[in-house]
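Structural features, examined
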Amino acid sequence: MRKSLYFRTFFVVSLIMLVSFTLLGTLSAAWSYGRSISEKRALMSTTLYETAKYVTAQHVYYGIDLNDLNMNMRLAFTSAISGFDLMITDNNGVIMACSEMDLRNLNIQISQELLQDAVANARTVRMTTIGEDICLAQRHVIATPLTDPDYMEAQIFGYLFVSSNISVIIYEWQTFSGMIILVALGMMILALLITFLATRKIAAQVNNMANIALRFSRGDFSVRIKDSGKSDEMGQLTQAFNLMADSFENAETLRRDFMANLSHEFKTPMTVISGFAEGLLDGTIPKENEQQYLSKIASETRRLSTLVKNMMELASIQAAPFDAAHSGHFDISETVRLALIGLDKKIESRKLLVETNLPEEPIRTRGDSDAISKVVHILIDNAIKFSETGSSIRLELWKKGALVYVSVENNGETISEDELLHIFNQFHKSDKSRGINKESVGLGLYMAKTILDYHNQDIFVESQGGTTKFVFTLTLL
């Protein structure tokens, strides 16, 4: 059975959390146990020191016996506060006072081994048993001999023992660790729940994208992902996906329009050629009119030839290597001059005056020289075509920052705002274009825009008061 992205993501995150919390719990438990033991030993050492100081002062300076009731009361009070068991013995190890009152009345004697250990390892916490008559279980024990400070040589008059049951320490540690485990378990459950919901939401969005992509593959480009308005990665992915969908829809619309326009552009001349040819063959057209109709057939044939040529050039531009538009360089001033020379006959036939403002020094720009030469030729030819007879066309170059601007301007009819919006569309031809040049196929400006897009450059157009100006940019070398 195929595992979903949601299941895999949730499983991996859950496994990571489980391992992390297990390691964290284990390390926390070990650390807390060691800390508990360390704190207990430090507290036992402090209790031993303070109690020994008190017992020594009471016995040496005030003459209070070690088995005095006040001594027992002091040990019982200290035990209640600290939780430790305390007892005082004489120098022979007989218990004189104890926090456990019943032990004092049993005349129990501590072994000489423990007394010697108390001298040798004074104030050192160790694990041991105090004696069969007192406690057989292992305990934490710290002891110190009680000495008279007035003698040059230490005179031991007794011993002080402080002990703690291990089970008490373990119980406290287990209580603390249990709280940590409960808190960690609660956090892990909460984290898993949040992960479950978050992963499920992300998986749902991904599934939605997959379903929409499947609809795209079937040709339905109308669907979109609902934008949540968030600026996170999923929000950016949603926006990018919808932009891609818009691009697909626009491309599909352009493709359909292109096919419809292409069919129309081919259909009209083919119908004319076929009709006139059949008329010539079956004798419908009189002999004296044959030259006229042959001329029309030739005109439509040239129109078809121009259409095929432009389409082949357009396909060549779109299939050209990307480096060609960015690694090449040329002199744009020279390119403009050569374009003017190539269109000289057309300019003379329309009796147009050419005004130029071109720098004398070369202006080196990046790009494919042949492709940009095509753009310049299209714009100048377009300006010639739509200029009033006897008017002028103006060409200008200027630099601004890292760009060079190329302007082609002519005087003629003003292009309406609605038509300016579609002027760079493929197969777009205004009504006046059809009247002026019947062989036009409406691919010139579209081709110019395509070439400049390929170079990552811009082209602008404005038309007012009978003056139309096209301006495009190039990057300086």
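Anyway, here's the lowdown on the structure attached to this text. (Residues numbered from 1 in each chain as written. Predicted model: local features only at pLDDT ≥ 70, side-chain atom pairs only at ≥ 80, totals over all residues. Heavy atoms only, no water.)

Notes on the sheet that holds strand β1 (residues 85-90)
- Strands sit in the order β2-β1-β5-β4-β3 across an open sheet of five strands; the sheet is antiparallel. Edge strands, defined here as strands with exactly one partner in the open sheet, are β2 (95-98) and β3 (126-128). The average undirected angle you get between the axes of adjacent strands in this sheet is 35°.
- Where strand β4 (residues 139-148) lies against strand β5 (residues 155-165), ten bridges are found, and the strand directions are antiparallel. Residue pairing across strands places T147 opposite I156, the latter belonging to β5. (Pairing = 2+ DSSP bridges. Helix = DSSP H or I, 4+ residues; strand = E, 2+ residues; numbered from the N terminus. Axes fitted to C-alpha atoms, helices over the stretch in contact; angles between N-to-C directions.)

Observations concerning the sheet that holds strand β12 (residues 467-475)
- Pairing is mixed across the open sheet formed by five strands, whose spatial order is β7-β9-β10-β12-β11. Each edge of the sheet is formed by a strand with only one pairing partner; in this case those strands are β7 (353-357) and β11 (459-464). Strand-to-strand twist across the sheet, computed as the mean angle between neighbouring axes with direction ignored, equals 15°.
- Direction of pairing for β7 relative to strand β9 (residues 392-400): parallel, over a ladder of five bridges. Among the inter-strand pairings, V354 is bridged to a residue of β9, identified as I393.

Some details on the nonpolar core
- In terms of nonpolar packing, the biggest core is built from 39 residues, with I332, I372, I380 and F472 touching the most fellow members.
- It is helix α11 (residues 369-386) that contributes the most residues to this core, nine residues altogether.
- With residues near it in sequence (within four places) discarded, F472 still touches I372, V375, V376, L379, V404, Y405, V406, L452, D458 and I459.
- The next biggest cluster of nonpolar side chains, apart from the first, holds 20 residues, and it includes L48, V55, M96 and F157. (Core = buried A, V, L, I, M, F, W, Y, C linked by side-chain atoms within 4.5 Å. Buried < 20%, exposed > 50% of the residue type's maximum accessible area, 1.4 Å probe, protein only. Contact = heavy atoms within 4.5 Å.)

Some remarks on helix α14 (residues 444-454)
- Most of α14 sits out of view: eight of its eleven residues are buried.
- For α14, every residue scored as buried is listed here: L445, Y446, M447, A448, T450, I451, L452 and Y454.
- Looking one or two residues beyond α14, the residue adopting positive phi is N456, at roughly 60°.

Focus on the packing of aromatic side chains
- If you walk through the whole model with that rule in mind, you get three aromatic pairs.
- Measuring from ring centre to ring centre gives 6.2 Å for F424 and F470, while their planes differ by 85°; the resulting arrangement is edge-to-face. Pair noted here: F424 is in the loop between α12 (417-420) and α13 (431-436) and F470 is in strand β12, with a separation of 46 residues, a long-range link.
- In this structure, R74 packs its charged tip against the face of Y54, placed 4.2 Å from the ring centre. (Phe/Tyr/Trp six-rings, centres within 6.5 Å; stacked < 30°, edge-to-face > 60°. Lys NZ or Arg CZ within 6 Å of the ring centre and 35° of its normal.)

A word on helix α9 (residues 332-342)
- Three or more residues of α9 are buried, namely I332, S333, T335, V336, A339 and L340. Angular distribution of buried residues about the axis of α9 spans 165°; they occupy a single face of the element. Residues of α9 that are exposed and angled more than 90 degrees away from the buried face: L338, I341 and G342.
- A side-chain oxygen of the first residue of α9 lies 3.1 Å from the backbone nitrogen of S333; this N-cap is D331. (Arc of directions from axis to C-beta. Polar contact = N/O pair within 3.5 Å; in protein donor to acceptor, adjacent residues only side chain to side chain.)

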